[in-house]
Amino acid sequence: MKVVLGVVAVIGVAIGGVFYLTAGMVDTADGFFTAVRQDDMTKARTYLAEGFKARTDEQALKAFLDQSALTRFKATSWSNRQMSGGRGELEGTITTDTGGTLPIKLTFVKEGDTWKIFELGKPAAGLQTANAAPNAPPEQAAAVNFSASSPPVQEQGGALALVKQSMHDFTVSAEKKSMEHFRDSVSKLWREQVTSVQLDEAFKPLTESGADWTVLDGFDPILSSDGTIDKDGVLLLTGYYPTKPSQVYFEQRLIREGDAWKLIGFKVEAK
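This section reports on the structure supplied with the text. The model shown is predicted, which means the values in this text are computed figures rather than measured ones.

Criteria and thresholds
Residues numbered from 1 in each chain as written. Predicted model: local features only at pLDDT ≥ 70, side-chain atom pairs only at ≥ 80, totals over all residues. Heavy atoms only, no water. Helix = DSSP H or I, 4+ residues; strand = E, 2+ residues; numbered from the N terminus. Buried < 20%, exposed > 50% of the residue type's maximum accessible area, 1.4 Å probe, protein only. Contact = heavy atoms within 4.5 Å. Core = buried A, V, L, I, M, F, W, Y, C linked by side-chain atoms within 4.5 Å. Polar contact = N/O pair within 3.5 Å; in protein donor to acceptor, adjacent residues only side chain to side chain. Pairing = 2+ DSSP bridges. Axes fitted to C-alpha atoms, helices over the stretch in contact; angles between N-to-C directions. Expected span 1.5 Å × (residues − 1).

1. Notes on the side chain of Thr96
Step number 1: Inspection of the secondary structure puts Thr96 in strand β2 (residues 87–96).
Step number 2: Overall, Thr96 belongs to the buried group, its relative accessible area being 4%.
Step number 3: With sequence-adjacent residues up to four places away left out, Thr96 is seen in contact with Ala69, Arg72, Lys74 and Leu102.

Okay, structure coming up:
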């Protein structure tokens, strides 16, 4: 019985911790939907992340909320709360003033000490003929849709350019035997989880190998696919550089921050 009670106590503490850590996201969501119910789009936009606001003006925001019936908000219920570093997620339902319920998912980022809404998603009702998930940038894309609720955003050359830029940032740091430049180029989420010193140690076998990584700037990478995006919005790009006698293989994982894809994971090896 003591063991069982101990397990229950630990679970209780864990649940309480999740609710405490995600309380700021709930406050932001409640503030946002309260402003929406009052038809105050100016105030509602203050709860949005800078990247969201840059892509969405008051008119576009109101149009999306009207179309999604979210302006009839009455109450929220969050069945799933997640947080990792400077990102978080709430998933649940909204009850409308007519008694209906709408599934909703909000993604958050930390700006300063405040949680801001980075993405707002609502599954479309009725028959569906296409997936509304964000698209990975094709190899030579000119534009790509970030989400069903966001207008197109411009890409700088597509997936190939993303790989080449990330690899260039890596080779600059490898040449200097310091990952400071590389760290500055990755996502805010990754920077919050790792220091330059930790990256120096992680990539030490490569930077101390004596290889001239800068030669990769003269090659175009060959992608194994156009890239895939998982359920968490992480873009995976894999492939190799056709160098000789060894080929350089890479794996890059990226997330959206504002209007750009930024690294959250990076792997490179020669074989």
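2. Here we look at the nonpolar core
Step number 1: Phe170, Phe182 and Phe266 are the most contacted members of the largest nonpolar core, which totals 28 residues.
Step number 2: Elements with a minimum of two residues in this core: α6 (159–176), β9 (235–241), β10 (248–257) and β11 (260–270).
Step number 3: Counting residues per element, this core draws most heavily on α6, at seven residues.
Step number 4: Beyond its immediate chain neighbours, meaning those up to four positions away, Phe170 contacts Met179, Phe182, Phe203, Leu206, Trp213, Phe266 and Val268.

3. Overview of the side chain of Ser185
Step number 1: Considering the arrangement of structural elements, one finds Ser185 in helix α7 (residues 180–185).
Step number 2: At 3.5 Å, the side chain of Ser185 forms a polar contact with the side chain of Asp169.
Step number 3: When residues no more than four places from it in sequence are discounted, the contact partners of Ser185 are Asp169 and Lys262.

4. A few points about the environment of Glu251
Step number 1: If you trace the backbone, Glu251 turns up in strand β10.
Step number 2: According to the relative accessible area criterion, Glu251 is partly exposed, its value standing at 27%.
Step number 3: Here Glu251 is in contact with Leu236, Leu237, Thr238, Gly265, Phe266 and Lys267, once residues within four sequence places are set aside.
Step number 4: A distance of 3.4 Å separates a polar atom in the side chain of Glu251 from a polar atom in the side chain of Arg253.

5. Comments concerning the sheet that holds strand β3 (residues 101–111)
Step number 1: Pairing is antiparallel across the open sheet formed by four strands, whose spatial order is β1-β2-β3-β4. In the strand order of this sheet, the two ends are held by β1 (73–84) and β4 (114–121), each with one partner. Each adjacent strand pair in this sheet contributes to an overall mean axis angle of 30 degrees, direction not counted.
Step number 2: As paired strands, β3 and β4 are joined by seven bridges and run antiparallel to one another. Each residue of the ladder has a partner; that of Lys105, found in β4, is Gly121.

6. Points about helix α2 (residues 23–37)
Step number 1: In this model, α2 (15 residues) spans 21 Å end to end at C-alpha, consistent with the 21 Å of a helix rising 1.5 Å per residue.
Step number 2: Taken together, the buried positions of α2 are occupied by Met25, Val26, Thr28, Ala29, Gly31, Phe32, Phe33, Ala35 and Val36.
Step number 3: Contact partners of the buried residues in α2: α3 (41–45), α5 (58–67), β1, β2, β3 and β4.

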